[in-house]
Amino acid sequence: MGYSGDFVLVRSGSSLPDLPVFDDPEWCIEERADYFHECWPRPGGWQTLQVNDYLPENDDDRWLHRLVTATGSPVMIASVMDSDVCYVRGLTPSGVTWSTFLDPVMAADYEVSVSPPSEDEAPPAETDKEGRVRWLLADVPKAAEQIAVWAAEGGFTADREALRVVLTKRADPFVEDLFFELVDACGLPPAEPVREDPAASDPPAHPGHRPDQNNPRGARLEAAVLNLPRDGHLVLQCAAEADCYAQVWLRPDGTYQLEHRDRSPAEHYQTRTLSADKAIAALAGWAAGEIAWRDAFQWNSIGSWFSDS
């Protein structure tokens, strides 16, 4: 099962979940904590908010206008379905608007609605996947130009060629990764991990934690991952914290699903990769008490799937 939900990109001087536009009285604080996950911010106040199970009301046009009004910033909303299909829309304060699908081949499988390349062309039949792909690809140059104009209003110079590449690219394996590539192609600076004052916060379990002595290391760890059968698991445990662990699952489709948890359900994250080497490197870094291994992936918060006993 892949990820389904929204990603919201906007510039704001305050934390996005704290914006009044998200202060719906029907959301209790526990629900808000499950709803929202703040991704690493980008310089200049640009923030990405992961919204599990989509924004309320299922009306992204309304949310685009709400957020533009609330922040005075260009806004981008990406709706992901099962990590397969991603529909992205943008709006600026001046009214520049655009929409596009990522991974046009998979979007065609889902039989998404798309404008024809010309008014005289009849829509493809339901069974004509190649025709739907051609329609989607024909829209790429126009979409890339509109996105570049959106980026310019935010103060950035988009790489139009990079935009066209992202808009024609296949997901490998998760379509939400293409969303972050799209944002990069808009010219926004790279995301940066939040550096907390260690004296002012509870230190994370991973740096300096004590891995269980029975965890495989080095060549044994590499062999354990490479020898996993389909649907097989490998779990690395902390010696001091039962709810601090990292694990990999070789899914039936051949992808490696990585997870790590830092004591509480709210700190449970998941990602996938096709690379056994990347999975091994991540587990080795975790076992060594490092944190740089996290930077190789875009992690999805899955804390809402769990609850404390």
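What comes next concerns the included structure. Please read all numbers here as calculations on a predicted model, not as lab measurements. (Residues numbered from 1 in each chain as written. Predicted model: local features only at pLDDT ≥ 70, side-chain atom pairs only at ≥ 80, totals over all residues. Heavy atoms only, no water.)

## Re empty space enclosed by the protein
Our working definition: Both site types are read off a 1 Å grid over the protein atoms alone. A 1.4 Å probe that fits but cannot get out defines a cavity, while an open set with protein on both sides within 12 Å along at least five of seven lines defines a pocket; lining residues have an atom within 4 Å of a point. Grid points are joined across faces, edges and corners, and a volume is the space filled by probe spheres set on the points. A helix here means a DSSP run of H or I that spans at least four residues, while a strand means a run of E at least two residues long, and both kinds are numbered starting from the N terminus. In this count, Pro and Cys sit with the nonpolar residues alongside Ala, Val, Leu, Ile, Met, Phe, Trp and Tyr, while Asp, Glu, Lys and Arg are called charged and the others, Gly among them, polar.
According to the stated counting rule, one finds 2 cavities of 30 Å³ or more in the structure shown. In this structure, the largest cavity occupies an estimated 120 Å³ of space. In terms of lining, the largest cavity is formed by 14 residues, of which the most central are Y3, S83, E176, Q270 and N300. Elements with a minimum of two residues in the lining of the largest cavity: helix 7 (175-185) and strand 10 (268-273). Per-element tally for the lining of the largest cavity: the top contributor is strand 10, with 3 residues. For the lining of the largest cavity, the residue count by class is 5 nonpolar, 6 polar and 3 charged.

## Some remarks on the side chain of S301
Under the convention used in this document: Note on contacts: a residue pair is in contact if any heavy atoms of the two residues lie within 4.5 Å.
In this structure, S301 sits in strand 11 (residues 300-301). Among residues more than four places away in sequence, those in contact with S301 are H37, Q50, N52, A266, H268 and Y269.

## A few points about the nonpolar core
A general feature of soluble globular proteins is that nonpolar side chains tend to end up buried together. Using the following cut-off: Throughout, nonpolar core names a set of buried Ala, Val, Leu, Ile, Met, Phe, Trp, Tyr and Cys residues whose side chains join them through atoms within 4.5 Å. Note on exposure labels: buried denotes an accessible area under 20% of the residue type's maximum, exposed denotes more than 50%, and partly exposed covers the range between, all computed with a 1.4 Å probe on protein chains only.
Of all hydrophobic cores here, the largest spans 34 residues; its most connected members are M76, L102, L163, F179 and L182. Put simply, the parts of the chain that give this core at least two residues each are strand 1 (5-11), strand 4 (75-81), strand 5 (85-91), strand 6 (97-102), helix 5 (140-153), helix 6 (160-168) and helix 7. In this structure, L163 is in contact with A144, I147, A148, A158, L182, A185 and C186, ignoring residues within four places of it in sequence.

## Side note on the environment of W40
One can find W40 in the loop between strand 2 (36-38) and strand 3 (46-52). Its relative accessible area of 36% is what places W40 among the partly exposed residues. Taking C-alpha positions, W40 is 9.7 Å from Q298, a pair spaced 258 residues apart along the chain.

## Considerations on the state of the cysteines
Rules: When two cysteine sulfur atoms lie within 2.5 Å, the pair is treated as a disulfide.
Going through the model one piece at a time under the given rule, you end up with 1 disulfide. The disulfide partner of C238 is C244, and the S-S distance across this bridge is 2.4 Å. C244 matches C238 in its accessibility class, with the two residues each being buried.

## Side note on the pairing of strand 6
This is how the line gets drawn: Pairing between strands is defined by DSSP: at least two bridges between the two strands are required.
Inspection of the sheet shows strand 5 paired to strand 6 by 6 bridges, in the antiparallel sense. Counterpart to G90 in the pairing with strand 6 is W98. In textbook terms, the turn of a hairpin is the stretch between consecutive antiparallel strands, and for strand 5 and strand 6 this stretch comprises 5 residues, one of which, G95, has a positive phi near 105 degrees.

## Considering the pattern of salt bridges
In plain terms, the rule: Salt-bridge detection follows one rule: a side-chain nitrogen of Lys or Arg within 4 Å of a carboxyl oxygen of Asp or Glu.
Taken as a whole and judged by the stated rule, the model has 7 salt bridges. For E181, the salt bridge goes to K169, with nearest N and O atoms at 2.9 Å. Placement of E181 in helix 7 and of K169 in the loop between helix 6 and helix 7 is noted, with a sequence separation of 12 residues between them.

## Overview of the sheet that holds strand 9 (residues 256-262)
Spatially, 7-8-9-10-11 is the arrangement adopted by the 5 strands of the open sheet, whose pairing is antiparallel. The outermost strands of the open sheet, each flanked by one partner alone, are strand 7 (232-237) and strand 11. Across 7 bridges, the pairing between strand 8 (residues 244-250) and strand 9 is antiparallel. Residue W249 lies in a different strand from strand 9, and its bridge partner there is Q257.

## Considerations on helix 7
By the criterion of burial, helix 7 is predominantly enclosed, with 8 of the 11 residues buried. When we look at burial in helix 7, the residues that qualify are V175, E176, L178, F179, F180, L182, V183 and A185. One or two residues past the end of helix 7 sits G187, with phi positive at roughly 95 degrees.

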